[in-house]
Amino acid sequence: ACDDGEIVIKFAHVTNTDKHPKGIAASLLEKRVNEEMDGTACMEVYPNSTLYNDDQVLEAMLQGDVQLAAPSLSKFEKFTKQFRLFDLPFMFKNIEAVDAFQASDAGSAMKDSMQKRGLQGLAFWHNGMKQMSANKPLLSPSDANGLKFRVQSSDVLVAQMDAIGGSPQKMAFSEVYGALQQGVVDGQENTWSNIYGQKFFEVQDGITETNHGVLDYLVVASVDWLDSLDAEVRDQFMTIMDEVTATRNAESAKVNQEAKQAIIDAGGTVRTLDAAQRQEWVDTMLPVWDQFKEDVGQDNIDAAQSINAQM
Amino acid sequence: MEVGLLFGLVIGLMLIGVPIAVSLGMSSALFLLWFSDTSLASIAQTLMQAFVGHFTLLAIPFFILASSFMSTGGVAKRIIRFSIACVGHLRGGLAIAGVFACMIFAALSGSSPATVVAIGSIVIGAMTQAGYSKDFAAGVICNAGTLGILIPPSIVMVVYATATDVSVGRMFLAGVFPGLLAGGMLMLAIYIMARIRDMPAGEWKGFMEIWLAFKDAFWGLMLIVIIMVGIYGIPGVTGAIFTPTEAAAVASVYAFIAAVFIYRDMGPLSTEGDDRPNLPLYKKPIALVTAFFHADTRRTLFEAGKLTVTLMFVIANALILKHVLTDEQVPQTVARAMLDAGFGPVMFLVVVNVILLIGGQFMEPSGLLVIVAPLVFPIAIELGIDPIHLGIIMVVNMEIGMITPPVGLNLFVTSGVAGMPMMRVVKAAAPFLAVLFVFLILVTYVPIISTWLPTVVMGPEIVTN
Amino acid sequence: MHPGRSESFIDKLEETVIAAILGIMTLVTFANVVARYVFNSNLLWALELTVFLFAWLALLGACYAVKKGAHLGVDAIIDIVSPPVRRVLGLISITVCIAFAFLLLKGAWDYWANFANLPQTTGRWFPTGFEESFRPKGWYEVNDIPHPGFLAWMEDVFNDGDEYEKLPRLIPYMILPFTMALLLFRFVMAGVAIWQGKSDRIVASHEVEVELAEVREQRGEG
Ligand code: NA
Ligand code: NA
């Protein structure tokens, strides 16, 4: 609990505290803030959607009822459609490319892009690259034809599933495991750590290592709250934030590799694509870019692609 | 201390006659305004998100609606005929058939009081006519009616699943064996009492009557099949077709079709009086359109809607209280205190049983669950108790709370249905209450009764939190 | 003693709205199952539309339930006390309800106002005025429900002429201030009835009172 006179920083998120990349990062941030800023500030973390889910938390933040949140990037499409960039399939070659883009001018412009609407992006936190899974082997995009895929609320992801001939389905996250298991839907897309953490691999034929998209989070605070902090306090907080971000993002690739290995060890099937197969997926999904080019801005796409080229 | 004040305020307001929902909401609002810097807007947000953010709660209005169509449509009558045909000839047969009918109706309905009204309003009268004492009849139905929330579908299970993020489908499966066991124990108790007290036996009408009664009840019984097959599929034939929430909506649509177009007990094809046969659809094809706007349809929708509303307003305000407790990190504090006190699983479960039995005196079960589940759930996980098992224990506690004085939902309803004073119902229900207590102990300490079926069908429970 | 079961036009209207919302919720969810299972297609907006309707149903219904004295409560104590004591308890209870509805009305307005580019009220417990500067949130859309063409005019009014792809949140959330105002009004009316001695409580002890009343009627107890 916080002492009197300390600045209370409530951080609400939706994952566990010790296994999920975001949860681990949040716990580390909490520990460091409470140690190093003791007497000045105090952080309380509310995990597992106990206080707010990702949808509510941004409303609550604009209202001033919570100070810190880290929803997945698709949630910010409501604030500015630029964020659709991260949902576009095969936009980034790998997580290093994502990292480089986020650190570039284009990336930091995106953190500032929601100021007018009251949010300030503080740091991008990686989960990792997304993979595809279904209740039958997926090697060619045509294998996905006619399958029902659970997707998050995002027009881009809907268009992506339409592009491979799948049937995108909206479903409450709590119902996904049961729905996959019982065959209400056939497949889903997620990062290794989520597929392992939610045990989706148990109820799927296999996971195909497509690395077709990215699932990342943006740590945000409200502009008004940040403005209310003394410059000194804000700087100290941001220094901790940057260090935690660097530490955890450097680990994210490892966390996902471990999750992938754990899936294999637990008897899950992982399929890899050769260059020709992968190109087939790229070619099938690429038309989605055109559909959302105007939303995300050609300059952002160009920036991402030039980073890809250097990888 | 502050939390004690909060709960004291909730109970105090309830007792002087403030609606439960307002007692919960007002206490929470005052607490937030006094002790935190949270805004009133956040309470409004929580109220809205109670519905928008808890998709699984949608199963509640849908199951209520399905059950309303089934009750209005005279399905209860047909189920009772089938039950009597099966077991009515035993000593104490009509009472055993009453329990049997309650079990079947429980598989159509998610609520205990609804089960008592549907079955009790027919069976209690019939038993009295057949020579049973009214007290005995009322006691039987009052108890058997509680199975409404144990045998799936169950509103209380939906609420538990929502509050703790376990799978609704898993909870439903977990209720099957305990439900059959509790029903079986009640029937056995009645049979023994009937032998000792030499109660009447009905006449055996032969297998033909069982067949005819089954045929007559078939479309009602099909609803059970639709729900179970839809949620779980048939191995080797079909996968599941819908989620538990969607199953509830499909059940409503099916129940509507069965009541209006198959049984024709209600809607445009129904006729006044029992002697005039209901119209076949070909004589009045326009019914395909008018059925949706018919006064009976509208009335059933409205009654189900009204029932939903009173339950949901309690649940929504309980969620506001839950928000306050979370915001003040009360579950963690309680968990730490209990773990520090060195509670093991057994002691913990005893405490949970006591809390629920006492809480059940004041509160409608769903609202109580919303508040208690988040408090005890983290401790249970810490102690290695299976979340599904915990859920079933809580449901059985709710059942017992419904038939224990001073306040018990089923006691009220039975007293109304039987036209008997409350105290007489309490006395009448007592012998069977003992059966349910034995059952509670059994379910509490033999987890496999609850966990076996869901594990077989859906694999081992995963705890991700 | 409950408020009478009068069948006014407003009663009928409210009952029809409650029935219609529940009917639409059921059909939309059913249609989504059919779309998915039979046509291998989807209604991506079905889920979100249903949960919003659910909120509308529950909040509108809560107001109706006040009028009919149908909110669940504990009447064990008020049943055993003498009528004068019962009246006092009733008046205390209704005061609590009115205060609650008042706080919720302020909260609901504050929550909704910015979504409609309107100012919140200032003050923590009681509204002391309207805030002078705020960030409008008229641009904030829901997740899945498309913005219907006939509401295109809203883009100019609430979104600086920018296109709405999805319904703005101000529409589904509008129900909050509306129903909380209605709830306040209904509690005040219930208070008047208790004051005048026309009713002595605002709660029903259980959820199946209507069904029970019917059983009693059939038994000829009226
Ligand atoms: Na049931
Ligand atoms: Na009780």
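Residues numbered from 1 in each chain as written. Chains lettered and ligands numbered in written order. Predicted model: local features only at pLDDT ≥ 70, side-chain atom pairs only at ≥ 80, totals over all residues. Heavy atoms only, no water.

As named in an unreviewed UniProt entry, chain C is TRAP transporter small permease protein, taken from Pseudooceanicola atlanticus. On record in UniProt, under Subunit (unreviewed entry), the comment for chain C is "The complex comprises the extracytoplasmic solute receptor protein and the two transmembrane proteins." (UniProt positions renumbered as here; feature names shortened; annotations may be inferred.)

The name recorded for chain B in an unreviewed UniProt entry is TRAP transporter large permease protein, from Pseudooceanicola atlanticus. For chain B, the Function (unreviewed entry) comment in UniProt is given as "Part of the tripartite ATP-independent periplasmic (TRAP) transport system." Turning to chain B, the UniProt annotation filed under Subunit (unreviewed entry) states: "The complex comprises the extracytoplasmic solute receptor protein and the two transmembrane proteins."

1. Some points on the nonpolar core
The biggest cluster of nonpolar side chains holds 298 residues, and the ones touching the most others in it are Phe76(A), Phe92(A), Phe101(A), Met48(B), Phe136(B), Phe348(B) and Leu390(B). Here this core gets 17 residues from one element, more than from any other, and that element is helix H14 (residues 295-327) of chain B. Both of domain 1 (1-53) and domain 2 (54-458) of chain B provide at least three residues apiece to this core. In this structure, Phe76(A) is in contact with Leu58(A), Pro71(A), Phe83(A), Met114(A), Leu119(A), Leu218(A) and Val220(A), ignoring residues within four places of it in sequence. Of all hydrophobic cores here, the second largest spans 28 residues; its members include Val45(A), Leu215(A), Val233(A) and Ile240(A). (Core = buried A, V, L, I, M, F, W, Y, C linked by side-chain atoms within 4.5 Å. Buried < 20%, exposed > 50% of the residue type's maximum accessible area, 1.4 Å probe, protein only. Helix = DSSP H or I, 4+ residues; strand = E, 2+ residues; numbered from the N terminus. Domains from an automatic or database assignment. Contact = heavy atoms within 4.5 Å.)

2. Quick word on the interface of chain B and chain C
At the interface, 75 residues of chain B touch 73 residues of chain C. Regarding the contact of chain B and chain C, the summed buried area is about 6600 Å², with carbon and sulfur atoms giving 78% of it. Taken together, the links from chain B to chain C amount to two salt bridges. With a closest N to O distance of 2.7 Å, Arg36(C) and Glu246(B) form a salt bridge. The interface formed by chain B and chain C includes nine residue pairs in polar contact (both at pLDDT 80 or more). Secondary structure elements with two or more residues in the side of chain B that touches chain C: helix H1 (2-15), helix H2 (20-35), helix H3 (40-52), helix H4 (59-72), helix H7 (112-129), helix H12 (244-262), H14 and helix H19 (409-418) of chain B. No other element matches H14(B), which puts 17 residues into the side of chain B that touches chain C. (Buried area = accessible area lost by both parts, 1.4 Å probe. Salt bridge = Lys/Arg side-chain N within 4 Å of Asp/Glu carboxyl O. Polar contact = N/O pair within 3.5 Å; in protein donor to acceptor, adjacent residues only side chain to side chain.)

3. A look at the UniProt feature "transmembrane region" (unreviewed entry) in chain C
Residue and element names in this part refer to chain C. Feature annotation in UniProt assigns "transmembrane region" (unreviewed entry) to the following positions: residues 16-39, 45-67, 88-109 and 170-195. End C-alpha atoms of residues 45-67 are separated by 33 Å, and the span's content is 96% helix alongside 0% strand. The span residues 88-109 is 100% helix and 0% strand, and its two end C-alpha atoms sit 32 Å from each other.

4. Thoughts on the packing of aromatic side chains
Two measures describe an aromatic ring pair: the distance that separates the ring centres and the angle between the ring planes. A complete count under the given rule lists 37 aromatic pairs over all chains for this structure. On the basis of an interplanar angle of 55° and a centroid distance of 5.8 Å, the ring pair of Phe82(B) and Phe214(B) is categorised as tilted. Taken together, the residues span a long stretch of sequence, with Phe82(B) in helix H5 (residues 75-87) and Phe214(B) in helix H11 (residues 206-232) at a distance of 132 residues. With a centroid separation of 5.7 Å and an interplanar angle of 75°, the aromatic rings of Tyr111(C) and Phe115(C) are classed as edge-to-face. With a relative accessible area of 3%, Tyr111(C) lands in the buried category. The exposure class of Phe115(C) is buried, given its relative accessible area of 1%. The residue whose ring lies beneath Arg87(C) is Trp195(C), and the NZ or CZ to ring-centre distance is 5.1 Å. The ring of Phe115(C) has Lys137(C) lying over it, and the distance from NZ or CZ to the ring centre is 4.6 Å. (Phe/Tyr/Trp six-rings, centres within 6.5 Å; stacked < 30°, edge-to-face > 60°. Lys NZ or Arg CZ within 6 Å of the ring centre and 35° of its normal.)

5. What about the domain arrangement of chain B?
All names here are of chain B. If you check the domain split of chain B, you get domain 1 (1-53) and domain 2 (54-458). Each partner contributes to the interface: domain 1 provides 22 residues, whereas domain 2 provides 23 residues. Counting every contact that joins domain 1 to domain 2 gives zero salt bridges. Elements with a minimum of two residues in the side of domain 1 that touches domain 2: H1, H2 and H3. Classifying every residue of the side of domain 1 that touches domain 2 gives 15 nonpolar, seven polar and no charged. (Nonpolar A, V, L, I, M, F, W, Y, C, P; charged D, E, K, R; others polar.)

6. A short note on the coordination of the sodium ion (ligand 1)
Protein ligation of the sodium ion (ligand 1) involves Ala106(B) (O), Ser109(B) (O), Gly148(B) (O), Ile151(B) (O) and Pro153(B) (O), the donor distances falling in the range 2.2 to 2.4 Å. Given the relative accessible area of 9%, Ile151(B) is considered buried. (Donors = N, O, S within 2.8 Å, 3.2 Å for Na, K, Ca; no water.)

7. Section: the pattern of salt bridges
In the structure shown here, the tally under the stated rule is 35 salt bridges over all chains. Residues Lys10(A) and Asp327(B) are paired through a salt bridge, measuring 3.0 Å at the closest nitrogen-oxygen approach. Of this pair, Lys10(A) sits in strand E1 (residues 7-12) while Asp327(B) sits in helix H14, placing the two residues on different chains. Summarising the burial analysis for this pair, Lys10(A) and Asp327(B) share the class buried. A salt bridge links Glu15(C) to Arg298(B), with the shortest nitrogen-to-oxygen separation between them at 3.8 Å. Highlighted residues: Glu15(C) in helix H1 (residues 9-37) and Arg298(B) in helix H14, drawn from two different chains.

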